[in-house]
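So the chains spell out like this:
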Amino acid sequence: MSTLREVPVVLPNGEVANRLTFLVPIALYKRVFERVTRGLFFWHTGSILPRDTSVKIQLLVSMPDLDSPDLKALEAHTVVEGAFKYRFGIDPENNRNTVWLFGVHQAHWLYATTGVLTDEAF
């Protein structure tokens, strides 16, 4: 909490408001989203992603083009009135191979891959 501070943010209506922010170590962020990926895999497939299946998380520097054909092809979901959005695709021939795109408050974007795609995507 030593990094807690206020920062100005632009709200959807164009107004500027102060919000609290703090630094989160990248390694911790990646571990959390590996668990999120595994949990959502179970939610959508009803099966556990085997522990020996690789999960790779990549933080994105900006919001991806959600209208691109590749991203539009992914199944999209919104949670908590848009606070958390995600898209995913599962290889129909081997469900260990998946791709995920996560958006947190339209400000933080992450990309995840599982299975053999972890070696190909980055």
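Above: the structure in question.
For clarity, every value in this text was computed on a predicted model and none was experimentally measured. (Residues numbered from 1 in each chain as written. Predicted model: local features only at pLDDT ≥ 70, side-chain atom pairs only at ≥ 80, totals over all residues. Heavy atoms only, no water.)

> Would you take a moment to explain the environment of Leu20 for this structure?
Here Leu20 is to be found in strand S2 (residues 16–21). Considering only alpha carbons, one finds Leu20 and Val7, 13 residues apart in sequence, at a separation of 6.3 Å. (Helix = DSSP H or I, 4+ residues; strand = E, 2+ residues; numbered from the N terminus.)

> Where do I start with a nonpolar patch on the surface in this structure?
On the surface, a cluster of nonpolar side chains totalling about 670 Å² of accessible area is made up of Met1, Leu4, Leu20, Phe22, Val24, Leu28 and Val32. The residue Val32 is located in helix H1 (residues 26–45) in this model. With a relative accessible area of 37%, Val32 lands in the partly exposed category. (Patch = residues over 30% accessible without salt bridge, like charges linked within 9 Å, V, L, I, M, F, W, Y side chains within 5 Å. Areas by Shrake-Rupley, 256 points an atom, 1.4 Å probe, with all protein chains shown as cover. Salt bridge = Lys/Arg side-chain N within 4 Å of Asp/Glu carboxyl O. Buried < 20%, exposed > 50% of the residue type's maximum accessible area, 1.4 Å probe, protein only.)

> Hey, could you run me through the packing of aromatic side chains in this one?
Each pair of aromatic rings is reported with the distance of its centres and the angle of its planes. Applying the stated criterion across every chain, the model contains 9 aromatic pairs. When the ring of Phe84 is compared with that of Tyr86, the centres are 5.7 Å apart and the planes differ by 35°; the resulting orientation is tilted. Overall, Phe84 belongs to the buried group, its relative accessible area being 18%. Pairing Tyr86 with Trp100 gives two aromatic rings, centres 6.3 Å apart and planes at 35°, and the pair type is tilted. In this pair, Tyr86 sits in strand S5 (residues 84–90) while Trp100 sits in strand S6 (residues 98–104), placing the two residues 14 residues apart along the sequence. Of the two residues examined, Tyr86 and Trp100, each falls in the buried class. (Phe/Tyr/Trp six-rings, centres within 6.5 Å; stacked < 30°, edge-to-face > 60°.)

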